[in-house]
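# Chain and residue survey
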Amino acid sequence: MAKDTVRYPDDVVDEIDRLVEDGMFESKSEFYRFSAEYVLTLIDPDHDVETFNFDEIKSELDIDEQSHARALGTDGGTFFLDAVITVRKYGLRGNYEAAERFIDDHYDSTDQECIILEELLGTYRTGTQNRTA
């Protein structure tokens, strides 16, 4: 399993710590693995999930298709979907700084959508590192 370092705003880390302390996740690592895989399944329904107990965690969180569609505005015409497409394009081209600027210009660092976009961008960085290693 690859190891990657990602920086998060302090408020985000504090919230993740709270979720771990409350027992929603066993560890911060479990949260990060689950959240990254979850976003990947939203972007690519054919994504092959490797996170242990992914479906169990998703079930415990009571995430259903309608809830995440409402939360993400996945109606095909929202700004968030356009933002995902923009970050994806920058990520595919290796233009990470432009993607970061786009996210920073359009989202508060503690917004749920911002966190998802940063996770998405992180997958492109990780993919590049794995290809060159």
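This one's a predicted model, so the numbers in the text were calculated from it and none came from an experiment. (Residues numbered from 1 in each chain as written. Predicted model: local features only at pLDDT ≥ 70, side-chain atom pairs only at ≥ 80, totals over all residues. Heavy atoms only, no water.)

### Things to note about the overall build of the protein
- Secondary structure summary: the protein contains seven helices and zero strands in total.
- Element order for the protein, N to C, with α for helix and β for strand: α-α-α-α-α-α-α.
- Burial status across the protein gives 32% buried among its 133 residues.
- By element, 46% of the accessible surface of the protein is carried by carbon and sulfur atoms, the whole surface being about 8,900 Å². (Helix = DSSP H or I, 4+ residues; strand = E, 2+ residues; numbered from the N terminus. Buried < 20%, exposed > 50% of the residue type's maximum accessible area, 1.4 Å probe, protein only. Areas by Shrake-Rupley, 256 points an atom, 1.4 Å probe, with all protein chains shown as cover.)

### Thoughts on the confidence of the model for the protein
- Across the protein, the average pLDDT comes to 83, with 85% of residues at 70 or higher.
- Of all helices and strands in the protein, the one with the weakest mean pLDDT is helix α4 (residues 65-72) (60), whereas helix α6 (residues 96-106) scores best (93). (pLDDT = per-residue confidence, 0-100.)

### Thoughts on helix α2 (residues 28-43)
- Taking 1.5 Å of rise per residue, 16 residues should cover 22 Å, and α2 covers 23 Å from first to last C-alpha, within 8% of that figure.
- For α2, the set of buried residues is Glu 30, Phe 31, Phe 34, Ser 35, Ala 36, Glu 37, Tyr 38, Val 39 and Thr 41. (Expected span 1.5 Å × (residues − 1).)

### Brief notes about the packing of aromatic side chains
- For the structure shown, the criterion picks out six aromatic pairs.
- Their ring planes at 85° and their centres at 5.1 Å tell us that Phe 25 and Phe 31 sit as a pair that is edge-to-face.
- With centroids separated by 5.8 Å and ring planes inclined at 15°, the aromatic side chains of Phe 34 and Tyr 38 adopt a geometry described as stacked. Pair noted here: Phe 34 and Tyr 38 are both in helix α2, with a separation of four residues, about one helical turn. Across the pair, Tyr 38 and Phe 34 agree in class, each one buried.
- Every member of this aromatic cluster is reached through a ring pair, and the members are Tyr 8, Phe 25, Phe 31, Tyr 32, Phe 34, Tyr 38 and Phe 54. (Phe/Tyr/Trp six-rings, centres within 6.5 Å; stacked < 30°, edge-to-face > 60°.)

### Digging into the side chain of Glu 37
- Within the secondary structure, Glu 37 sits in helix α2.
- Here Glu 37 is buried and forms no salt bridge, its nearest opposite-charge partner Arg 33 lying at an N-O distance of 7.9 Å.
- Here the side chain of Glu 37 touches Glu 50 through a polar contact of 2.6 Å, landing on its backbone nitrogen.
- Setting aside chain neighbours within four positions, we find Glu 37 in contact with His 47, Asp 48, Val 49, Glu 50, Thr 51 and Phe 54. (Lys, Arg positive; Asp, Glu negative; His and termini not counted. Salt bridge = Lys/Arg side-chain N within 4 Å of Asp/Glu carboxyl O. Polar contact = N/O pair within 3.5 Å; in protein donor to acceptor, adjacent residues only side chain to side chain. Contact = heavy atoms within 4.5 Å.)

### Here's the deal with the packing of helix α1 (residues 10-21) against α2
- Running from amino to carboxyl end, α1 crosses α2 at an angle of 110°, the nearest separation of the two axes being 9 Å. When the axis of α1 is compared with that of α2, the two are roughly perpendicular. Crossing hand, α1 versus α2: right-handed. Contacts between α1 and α2 involve Val 13, Ile 16, Asp 17, Leu 19 and Val 20 on the former and, on the latter, Lys 28, Phe 31 and Tyr 32.
- In terms of residue class, the contact of α1 with α2 is built from six nonpolar, no polar and two charged. (Axes fitted to C-alpha atoms, helices over the stretch in contact; angles between N-to-C directions. Parallel < 35°, antiparallel > 145°, perpendicular 65-115°, else oblique. Left-handed = near helix turned anticlockwise from the far one by under 90°. Nonpolar A, V, L, I, M, F, W, Y, C, P; charged D, E, K, R; others polar.)

### A short note on unusual backbone geometry
- In this model, Asn 53 sits at a positive phi of 60°, which is unusual for a non-glycine residue.
- Looking at the secondary structure, you find Asn 53 in the loop between α2 and α3 (54-60).

### Focus: a negative patch on the surface
- A surface patch of like charges, here negative, comprises Asp 10, Asp 11, Asp 14, Asp 108 and Asp 111.
- With respect to the helices and strands, the residue Asp 11 is situated in helix α1. (Patch = residues over 30% accessible without salt bridge, like charges linked within 9 Å, V, L, I, M, F, W, Y side chains within 5 Å. Charge placed at Lys NZ, Arg CZ, Asp CG, Glu CD.)

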